[in-house]
Amino acid sequence: MRRSNSKPLRDAVRENQVFRSRALTGLVLVGLAFCILVARFTWLQVFQHEEFTTRSEDNRVKLRALAPNRGLIYDRKGRILADNRPAYRLEVIPEQVEDLDLTLAELGALFPISEDDLERFQKLKKARHSFQSVPVRFRLTESEVARFAIDRHRFPGVDIVPYQTRVYPMGPEFAHVLGYVGRLDAEDLKRVDASRYSATAHIGKTGIESYYESELHGDVGHERVEINVQGRVLGSLEREPPASGKNLYLTIDAELQQVAMQALSGYTGAIVAVEPLTGDLLALVSAPSFDPNQFIGGVSRENYQTLISSPDRPLFNRALQGGYEPGSTLKPYIALAGLESGTIPLSHTVFSSGFFQLPGQDRRYRDWKRGGHGSVDVVGAIEQSVNVFFYQLAYDLGINSIHDYLAQFGFGQPTGIDLRGESSGILPSTQWKRQVHGLPWYPGETVITGIGQGFTVTTPLQLAQAAAVIAARGHSPRIHLLDRLQDPASGDWEAPTRQELNVPIVDNRNWEAVIQGMARVIHGERGTARPYWGNASPYQFAGKSGTAQVYGLEEGEEYVEEEVATHLRHHALFIAFAPVESPQIAVSVVVEHGGGGARVAAPIARRVIDAYLGDGSALSMAGTEAAGSDPARPNVGAGSVSEPSG
Amino acid sequence: MSIQVKKLPLPFQMLAYFARRPMVDGPLLAAVACVAALGLAVLYSASGSDTASVVKQSIRLAAGFTALLVLARIPPQQLRLWTPMLYCVGLVLLLVVAFLGEGRGAQRWLDLGVVRFQPAELLKLTVPMMLAWYLHGRALPPSLRDLAVCLILVAVPAVLIARQPDLGTALLVGSSGLFVLFLAGLSWRLVAGLGAAALALTPVLWHFMHDYQRSRVMMMFNPEADPLGRGWNIIQSKIAVGSGGLYGKGWLNGTQAHLEFLPERSTDFILAVYAEEFGLLGVVLLFALYFYIVSRCLGIAMQAKDTYSRLLAGTLSLTFFVYVIVNSGMISGLLPVVGVPLPLVSYGGTSLVSLLAAFGMIMSVHSHRRFLKER
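Residues numbered from 1 in each chain as written. Chains lettered and ligands numbered in written order. Predicted model: local features only at pLDDT ≥ 70, side-chain atom pairs only at ≥ 80, totals over all residues. Heavy atoms only, no water.

> Run through the sheet that holds strand β1 (residues 61-66) of chain A, naming residues and quoting values.
All names here are of chain A. Taking strand neighbours across the sheet as the criterion, the three strands line up as β1-β8-β9 in an open arrangement whose pairing is antiparallel. Two strands close off the open sheet at either side, each with one partner strand: β1 and β9 (233-240). If you compare each strand with its neighbour and ignore which way they point, the axes differ by 30 degrees on average. Of the pairings in the sheet, the one linking β1 to strand β8 (residues 221-227) comprises six bridges and is antiparallel in character. Counterpart to Leu63 in the pairing with β8 is Arg224. Against the sheet, helix α3 (residues 49-60) makes contact with β1, β8 and β9, and its axis sits at roughly 40 degrees relative to β1, the strand it touches most. (Pairing = 2+ DSSP bridges. Helix = DSSP H or I, 4+ residues; strand = E, 2+ residues; numbered from the N terminus. Axes fitted to C-alpha atoms, helices over the stretch in contact; angles between N-to-C directions. Contact = heavy atoms within 4.5 Å.)

Shown next as structure tokens:
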């Protein structure tokens, strides 16, 4: 070519040599470079192999906590009271989210996330590790789940998680028995073993749900899962399944509970029904009630405000925590105290002229009936609720022996029921007054204690418990809600041990006399409840009315119900049990501001007892039922009806 | 036999023709085919057992090997005559890309309807060709004037490519120019001077670099500073390599790749997948193959009889080596993350075809070595 010809001085041989030496130099450098590379890969793959293996495993394997299924709650006949249903919640793993605030804001654009949700999320986030998931929203609707699924790729570290949500199919009827579960919050985590709750979103807050939390909760499971870079689970490597919580069978009778609820509708008050021979709580109603279902997903501020600001205080469990002056419902126990202690003989009579006076004092303690009841024995005194009889008897007994005897029926102390927050009421004594008020006891205070007034405070639960002890003639297991529990995995049953209340019996005839007096309250010619009791029934009842004063009357002042503002009216109380000879049910009824006990509360008690015992045909069955006719029910509690006595 | 051949369809006739007189270096072709086969196997794993990508890549390989066989038959003299024209076409295409091209973040691609194509790849071939063409008739070692001309011939396309921005390819193009000068016998003093100049230019280069390029360089030194962001690629790549160990986790068993922790796993980071699944033994085997290929090519260059042939073959083999070292250095955390594929293995068309075309030219130098006479 032209250009090559113009350079005749080229030395082809030397050029070739230069090229060869340069190419060889290049080859040596290439070889060196490969040596460096091999050294580098050896360093990574041999010497640092273990460290990188660990990091590779950390990348792909995550330990995931698996929430156990919460135990279900049934009534005594296996009707479901607290159920689990599938739902979806939205969870965030903070560690995997780059900008948490932005992500939450973008999620908020997809579906509503309330201030409450965010607040709880922030609190929970602090209480958990950053690699643990924190729920943002519960109970997503199907369309919300679908909306998220479309945009899922935009939200690494955010996921929809199926879970079981609690449902209370009977709603308000069981709110005061079951309580409710609510979202697990930071305070809860301080109380419980946080590692057991690493996958749990709800915890029992009140009622049975709270009392038996550890039985209902079950044990957390764990799963080692393989995940990809987006944190999506690809498969399970190892799995230790969660253990479901135990199923609870309560002593409650759902049907009776419903009847009791209806019987109290329109009133504020409480009903407690017990099976005397077993201590089984058959019904526990506090009215008004509320829907526990609204607490599960997190109650809104607005609803909560309505609930706590309502003057009727629906959240307040009157049966458990309401303190009421027992009024005349205390008289049978005072009578029994007098008889059994020998203070009065069975034949003792008192002439009621309309009032009672302490020796040397002017103050008149009046009978409810003007002019008095004339001469009455202990049966008549209970039947007609003769105050003068009990003023005298209380005065003769003295406050401390009243206290000691009545304490055996469970007054003045918690019944020990398996619910939290029970109040113990007050059973006064000289010692009590000195301790609490720092004052000496006055004889006049003993006198009014005889008719259930003064310092004495009882809860509807205590009233029912004491009625059950009388009905069962001295021994009744302490009142309880849990009948038995079952481990769903093994099917094994467990029954809690019972404690008994035992009142020593000096003479059966004393007891039968008091019970006879209580029967005459209902069936006797002059029985205080007779006008309000309604039709005859195939079995006999025993009962006692009571009226608790909301405000004290000045001496000489008349209480005229119609003239008193509703919120100052007396509380109406009634205790009852039936059948008299073989008691199946004991009931206490409190109707706040109901006025006279017999007029308002007695019909309610009858309705509840009738519902339980039926029209008499159920009576024959009732005996066997108490002993466990339900085939699923193991032999728990009493096996026989009480022996006839007297 | 020959009668039967004539009845065959055209492509098979061509194959039969190539088969009778292959005009290739058998051992080199075998080594290249071995690496390509390994690449397909790794690609199958890296793509998540996606047969479609493997088929696509196989088609590209077939196209590349066809280009190789065709180029191997074209005498180097002929190539030399076409060189200035090819160089100019490459430059024009680069300019077109600068104005009309497309691509994610960087303008590199030219859409030709059927195939998309990166003109920068063409320059990887035409720049060393052009320099070899320029130096072919001149006295060697090159004079200062020749050096200046060569630098301009290299700088114009290199700057255009760097502006796309495609720093990796620009470096490869630039280094290919330097290799030509080095092999042409540029005095050691000038080689040292160029090296010093390159070092001195580093701050200038730094100044013109994009932020993402700067952070990539910084990340090489301390990837743990931003493990979930800019350091992610390097860290995950090192985890993949390191967890592979001596024997590897086994084909299709690499968790880093299959669980998608490793980014760009079928393209720039495919070596990490390979190292994870085949271990150090696999890596050494692959490097041995690469070293064999480079040394074989340099050997062919040494046997060449004219300046153009030997400069072209020598430069192409050294550039091939640069591919390997830059990519492996990146995978193992020795060099910053630069978008350079692993030759013959990474998924992607243009680079594969241009590489095989380069081998075709080297084969041509090999098969025409005996018939060449310096005119």
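> How would you explain unusual backbone geometry if you had to name every residue and give the values?
All names here are of chain A. Going from Ala287 to Pro288, the amide bond is cis rather than trans, its omega being 0 degrees. Secondary-structure assignment places Pro288 in the loop between β12 (280-287) and α12 (293-296). Between Ala578 and Pro579 the backbone carries a cis peptide bond, its omega angle lying at -20 degrees. Looking at where Pro579 falls in the secondary structure, it is placed in the loop between β22 (571-578) and β23 (585-591). Despite not being glycine, Arg313 has its phi angle at roughly 45 degrees, a positive value. Secondary-structure assignment places Arg313 in the loop between α13 (301-309) and α14 (318-321). Positive phi is not limited to glycine here, since His593 has a value of about 55 degrees. Mapped onto the elements, His593 comes out in the loop between β23 and α24 (597-613).

> Requested: an account of the side chain of Arg70(A), with residues and values cited.
Secondary-structure assignment places Arg70(A) in the loop between β1 and β2 (73-74). Within the structure, the side chain of Arg70(A) is placed 2.9 Å from the side chain of Glu209(A), a separation counted as a polar contact. (Polar contact = N/O pair within 3.5 Å; in protein donor to acceptor, adjacent residues only side chain to side chain.)

> How would you explain helix α15 (residues 349-367) of chain B if you had to name every residue and give the values?
Between its terminal C-alpha atoms α15(B) stretches 27 Å, which fits the 27 Å expected from 19 residues at 1.5 Å a residue. With 18 of 19 residues buried, α15(B) is to be regarded as a mostly interior element. (Expected span 1.5 Å × (residues − 1). Buried < 20%, exposed > 50% of the residue type's maximum accessible area, 1.4 Å probe, protein only.)

> Tell me about the interface of chain B and chain A, and name the residues and values.
One widely used convention gives an interface's size as the accessible area the parts lose upon coming together. Taken together, the 64 residues of chain B in the interface contact 43 residues of chain A. Taking both partners together, chain B and chain A bury about 4700 Å²; carbon and sulfur atoms supply 68% of that area. A per-residue breakdown of the area chain B buries against chain A is headed by Leu259(B), Met302(B) and Arg310(B), which together make up 14% of the total. Taken together, the links from chain B to chain A amount to zero salt bridges. On inspection of chain B and its partner chain A, the count reaches 14 residue pairs in polar contact (both at pLDDT 80 or more). Contributions of two or more residues to the side of chain B that touches chain A are made by α5 (76-100), α6 (119-136), α8 (167-183), α9 (188-208), α11 (232-244), α12 (255-258), α13 (270-303) and α14 (307-331) of chain B. Top element by residues in the side of chain B that touches chain A is α13(B). It accounts for 14 residues. By residue class, the composition of the side of chain B that touches chain A is 36 nonpolar, 19 polar and nine charged. (Buried area = accessible area lost by both parts, 1.4 Å probe. Salt bridge = Lys/Arg side-chain N within 4 Å of Asp/Glu carboxyl O. Nonpolar A, V, L, I, M, F, W, Y, C, P; charged D, E, K, R; others polar.)

> Any chance you could break down the packing of α3(A) against α11(B) for me, citing the residues and the numbers?
Orientation of α3(A) relative to α11(B), taken along the N-to-C sense of each, is 120 degrees, at an axis distance of 7 Å. Looking at the two axes, α3(A) sits oblique to α11(B). Relative to α11(B), the crossing made by α3(A) is left-handed. Along the contact surface, α3(A) presents His49(A), Phe52(A), Thr53(A), Arg55(A), Ser56(A) and Asn59(A), while α11(B) presents Ile235(B), Gln236(B), Lys238(B), Ile239(B), Gly242(B), Ser243(B) and Gly244(B). Residues that form the contact of α3(A) with α11(B) fall into these classes: three nonpolar, eight polar and two charged. (Parallel < 35°, antiparallel > 145°, perpendicular 65-115°, else oblique. Left-handed = near helix turned anticlockwise from the far one by under 90°.)

> Requested: an account of the sheet that holds β12(A), with residues and values cited.
Residue and element names in this part refer to chain A. In space, the five strands of this open sheet follow the order β12-β11-β23-β22-β21, with antiparallel pairing throughout. Two strands bound the open sheet, and with one partner strand each, they are β12 and β21 (542-548). Across this sheet, the average inter-strand angle for adjacent strands is 5 degrees, counted without regard to direction. Examined bridge by bridge, strand β11 (residues 269-275) and β23 share six bridges and lie antiparallel to one another. Bridging across to β23, Val272 finds its partner in Ser588. The strands touched by helix α11 (residues 254-263) are β11, β12 and β23; relative to β12, the strand with the most contacts, the crossing angle is about 30 degrees. Here α24 sits on the sheet in contact with β11, β12, β21, β22 and β23, set at roughly 35 degrees to β22.

> Any details on the side chain of Asp367(A)? Residues and values, ideally.
All names here are of chain A. Positionally, Asp367 belongs in the loop between β15 (364-366) and β16 (374-377). Buried within the structure, Asp367 lacks any salt-bridge partner; Lys331 is the closest side chain of opposite charge, at an N-O distance of 6.2 Å. Polar contacts involving the side chain of Asp367 include one to the side chain of Ser352, which spans 2.5 Å. Ignoring any residue separated from it by four or fewer positions in sequence, one finds Asp367 in contact with Ser352, Gly354, Phe355, Gly372, His373, Ser385, Val386, Asn387 and Val388. (Lys, Arg positive; Asp, Glu negative; His and termini not counted.)

> Any details on the confidence of the model for chain B? Residues and values, ideally.
Residues and elements named next belong to chain B. Chain-level statistics for chain B give a pLDDT mean of 85 and a share of 91% at 70 or above. By mean pLDDT, the top-scoring element of chain B is α13 (95), and the lowest-scoring one is helix α1 (residues 2-7) (52). Note that pLDDT drops below 50 for residues 1-5; the model gives that stretch three contacts with residues more than four away or on any other chain. (pLDDT = per-residue confidence, 0-100.)

> Could you give an account of empty space enclosed by the protein, with specific residues and numbers?
Residue and element names in this part refer to chain B. Counting across every chain of the model gives four cavities of 30 Å³ or more. Put simply, the largest cavity is a space of about 80 Å³. Residue lining of the largest cavity: Lys124, Leu125, Leu316, Thr319, Phe320, Tyr323, Ser354, Leu355 and Ala358, and that is the complete set. Breaking the lining of the largest cavity down by element, the ones donating at least two residues are α6, α14 and α15. Within the lining of the largest cavity, the residues separate by chemical class into six nonpolar, two polar and one charged. (1 Å grid on protein atoms, 1.4 Å probe; cavity = no way out; pocket = protein on both sides within 12 Å on 5 of 7 lines; lining within 4 Å. Points joined across faces, edges and corners; volume = space filled by probe spheres on them.)

> Talk me through the packing of α5(B) against α6(B); I want residue IDs and the actual numbers.
All names here are of chain B. At a minimum axis separation of 8 Å, α5 and α6 run at an interaxial angle of 140 degrees. It follows from the interaxial angle that α5 and α6 lie oblique. Crossing angle aside, the handedness with which α5 passes α6 is left-handed. Packed against α5, whose contacting residues are Leu79, Arg80, Thr83, Pro84, Leu86, Tyr87, Gly90, Leu91, Leu93, Leu94 and Val97, the element α6 presents Pro119, Ala120, Leu122, Leu123, Thr126, Val127, Met129, Met130, Trp133 and His136 at the interface. Here the contact of α5 with α6 is built from residues that sort into 16 nonpolar, four polar and one charged.

> Please set out helix α4 (residues 100-110) of chain A residue by residue, giving values where relevant.
Residues and elements named next belong to chain A. What α4 keeps buried is the set Leu100, Thr103, Leu104, Leu107 and Leu110. Within α4, the buried residues cover an arc of 105 degrees as seen down the axis, which keeps them to one side. Counted as exposed and oriented over 90 degrees from the buried face of α4: Asp101, Ala105 and Ala109. Contact partners of the buried residues in α4: β3 (80-92), α5 (115-127), β4 (134-137), α6 (142-151) and β5 (158-167). (Arc of directions from axis to C-beta.)

> Can you tell me about the pairing of β11(A), naming the residues and giving the values?
Residues and elements named next belong to chain A. Counting buried positions along β11 gives seven out of seven residues, so the element sits mostly inside the fold. Here β11 shows no split at all, with Gly269, Ile271, Ala273 and Glu275 on one side and Ala270, Val272 and Val274 on the other all buried. Pairing of β11 with β12 involves seven bridges; the strand directions are antiparallel. Across the sheet, Glu275 pairs through a bridge with Asp280, a residue of β12.

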